[in-house]
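Here is how the chains run, residue by residue.
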Amino acid sequence: MSLERRMAWRNVWRNRRRTGLCVAATVFAVFLVVLSVAMAAGTHEKMIEDGALLHSGHLTITGPGYLDDRTLERFLVADDDLRARLDADPAIRGWAPRIASFALLSLDRASHGAAVVGVDPERESTVTTLSERIHRGRFLSAGPSGEGSREVVLGERLAQSLGAELGDEILLYSVAYSLETAYELFTVVGTLKLPEPGLERSLSVIQLDEASRFFVYGDRLSEIALRLDSADDVEPVAARLASRLSGVEIHPWYELLPELEQFVILDDLGMYLMLAVLVVVVAFGILNTILMAILERTRELGMMMALGLRPGAVFRVVYWESTFTAGVGLLIGLLLSIPLVLVLAQNPIPLGEEMAGMTEIVGMEPVMTFKLKPLNPIGSAATILVVGALAAVYPAFKASRGRPVDALRTL
Amino acid sequence: MSDSIAEARGVRKVYDTRGVETVALDGVDFSVGEGEFAALAGPSGSGKTTLLNILGALDEPSEGSVIVAGQELGKLTATELSDLRLAKLGFVFQAYNLIPVFTARENVEFVMELQGVGAAERHARADAVLEEVGLGGLGAKRPLELSGGQQQRVAVARAIVGRPRLVLADEPTANLDSETAARLLDLMAGLNRHHGTTFLFSTHDPMVMEAARRLVRLKDGRIVDDSRSAGG
């Protein structure tokens, strides 16, 4: 170890109590930063997962212009090549074709406009959790439906506004792709309880082949929803698909759920603001510790400068003292926080009844989840080290600028 | 007189404390030559420490010039002054002389480490010098584990180990009892005799004045007497 670093390291431990307090503050800050960032990462990932798995999927493939003009005119055709590519991609866990349009739903004298989504029940369950959100009855039957067994699942609120019960036949009335009038009776087999009241009030789900027949849509599709291994894979998979598929558009979850993306950004912003305040407090703690240490050692620094220690070397000694103080706190903080986060990542914390009620309203599982991304400890370490280094600049400059004779006169 | 190592020419030093000017040195001409064992003496406020600091490149004069080892100090930057002190000068201060986080041996090695002396040579020279000042077995002790006299001996060892041309000692015996002070003085006199190390003291200790072969008396910032003993 060089003379400067050796001296700095030993100086750090001269006043153990003061250094200990400063290190403890740094440990606390690192611990809180790592834990908060991991909690935000885990919670946000869970929200994105839950949001994507509710309906949109991580990625959605559509025909050109569909997102701006959700009509039957904007379609894609899932030919064998497209299906083969989706099946072959290892990052795609499942994909679900859909036909989506609007219809007027009528039962007796009640009628209500709603989205009609045709899904393949088997494939849908590999992408979304729609089939698990049954409130009453059951989800759509799997496999091709026979003539006369048309089934519909309604959002619970939609069913309530229509006064529909299980087994009721409701009339779907719409305009087909061929511009002919389309109307059919569908039997209510179940209702869905969804976290989004708006969606629950306006969603009806029928089988894909029924939708194809009803809207006279042939082998056309409105969209294909994809489920990936992780929301982190969205960008690379979207880029890969975009390079391989032509005549379609690939939309990540944040284009389909912009309000969720904005929430995540705002939540991150609030958290980072709070952490910034914490880090600034730690910076002042380090600054104070180093300044006090310098003040106490003014005469000693003067003596060393008299012996020939250059001003630059004095600066570096003080700088290293600050970096070592921050470094020790950082190391202990990481050693404490990383294992804890890893344990919490495997064992989410169940929320209390009140909190659970709130999370269930927004469609989240009532647990507090943590996720340790490599950037978390690396970013925390870099932040604390930079803060330690910045906090040292003033005392180091002050110490190195002094004249030896003035320092030697200090009592 | 031998060749001059440090020379002050027409040096005047005025301290300005909140608008009140105090003249510490008033047109001093002084030089110290190779191999001298000299002392600056005088009452408090006479300017002896100020002159020592100025000759040691620790302070600059308000007027006049100072030449140390052939270099005019007024023309040097702070870093160049550090390098000059490191290469040509050794210092022994009255108190707070040692680096408390270093052992006695590390304190002695400090100057050599700054000079860029290799580790093996550093260790050997430090051990030899500590032996010479009578602290052979105490190299691993930290300053707080040593007595005041032992600390000053370490300081002397550190001052001479870098092979400086001039050792400046500011009241080196002020905090020592008379017996310890006498032993320290003997040590420095021996180093002067055997190695030709030049010493310049500032002191008001009669024992140091008696031991010095040249005694320069200052009063009110002026040299009032400059006398040499038979051996000087």
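Residues numbered from 1 in each chain as written. Chains lettered and ligands numbered in written order. Predicted model: local features only at pLDDT ≥ 70, side-chain atom pairs only at ≥ 80, totals over all residues.

Undergrad: In this structure, what is going on with the overall build of chain A? I would like to understand it.
TA: The number of helices and strands found in chain A is 15 helices and 14 strands. For chain A, whose C-alpha radius of gyration is 31 Å, the value lies well above the compact-globule estimate of 22 Å for 411 residues. By its C-alpha atoms, chain A is 100 × 45 × 30 Å across when sized along the principal axes. The proportion of buried residues among the 411 residues of chain A is 42%. (Helix = DSSP H or I, 4+ residues; strand = E, 2+ residues; numbered from the N terminus. Rg over C-alpha atoms; globule rule 2.2 N^0.38 Å. Buried ≥ 20, exposed ≤ 12 C-beta atoms within 10 Å, placed from the backbone.)

Undergrad: Honestly, the sheet that holds strand β7 (residues 166–170) of chain B in this entry has me stumped. Any pointers?
TA: Each strand in a sheet pairs with its neighbour through backbone hydrogen bonds, running either in the same direction (parallel) or in the opposite one (antiparallel). Residues and elements named next belong to chain B. Judged by pairing direction, the sheet is mixed, and its six strands sit side by side in the order β6-β7-β8-β3-β9-β10 without closing on themselves. Lying at the two open borders of the sheet, with one neighbouring strand each, are β6 (89–92) and β10 (222–228). Neighbour-to-neighbour, the strand axes of the sheet open up by a mean angle of 15°, direction not taken into account. Here strand β3 (residues 37–41) runs beside strand β8 (residues 198–203); their pairing, made up of five bridges, is parallel. The partner of A39 across the bridge, within β8, is F201. Lying on the sheet, helix α5 (residues 148–161) is in contact with β6 and β7; it crosses β6 at an angle near 175°. (Pairing = 2+ DSSP bridges. Axes fitted to C-alpha atoms, helices over the stretch in contact; angles between N-to-C directions. Contact = placed C-beta atoms within 7 Å.)

Undergrad: Just to check I follow, could you spell out the sheet that holds strand β4 (residues 63–68) of chain B for this structure?
TA: Residue and element names in this part refer to chain B. Read across the open sheet, the four strands follow the order β2-β1-β4-β5; overall the sheet is antiparallel. Either end of the sheet is taken by a strand with one partner, and the two such strands are β2 (20–33) and β5 (71–72). In the sheet, strand β1 (residues 4–17) pairs with β2 via eleven bridges, with the strands oriented antiparallel. By the bridge assignment for β2, A8 is matched with F30. Contacts from helix α1 (residues 48–55) reach β1, β2 and β4, with the element oriented near 120° to β1.

Undergrad: Is there a simple way to think about the domain arrangement of chain A in this case?
TA: Interface size is often expressed as the accessible area that is lost when the parts come together. Examined at the domain level, chain A breaks down into domain 1 (3–52 + 261–409) and domain 2 (64–247). Taking the mean C-alpha position of each, domain 1 of chain A and domain 2 of chain A sit 50 Å from one another. (Domains from an automatic or database assignment.)

Undergrad: I keep staring at the interface of chain A and chain B and nothing clicks. Help me out?
TA: Opposite the 19 residues of chain A that make contact, chain B presents 19 residues. For the side of chain A that touches chain B, the secondary-structure elements that each account for two or more residues are α1 (3–12), α11 (298–307) and α15 (404–409) of chain A. Here the residues of the side of chain A that touches chain B sort into twelve nonpolar, two polar and five charged. (Nonpolar A, V, L, I, M, F, W, Y, C, P; charged D, E, K, R; others polar.)

Undergrad: Quick question: what am I supposed to make of the confidence of the model for chain B here?
TA: When pLDDT drops low, the exact placement of atoms in the prediction is not to be read closely. Overall, the prediction assigns chain B a mean pLDDT of 90, with 97% of residues at 70 or greater. What the predictor reports for the complex is a pTM of 0.73 with an ipTM of 0.88. (pLDDT = per-residue confidence, 0-100.)

Undergrad: Looking at this model, I keep getting lost on the pairing of strand β7 (residues 169–175) of chain A. Mind explaining?
TA: Note on strand geometry: in a regular strand, side chains alternate between the two faces of the sheet. All names here are of chain A. Sheet topology places strand β3 (residues 92–107) next to β7; three bridges connect them, and they run antiparallel. Paired with L105 across the bridge in β7 is L172. Note that β7 and strand β8 (residues 181–192) share seven bridges and pair antiparallel. Bridge pairing in β8 links V175 to T181. Connecting β7 to the next strand, β8, in antiparallel fashion are five residues, including L179 with a positive phi near 70°.

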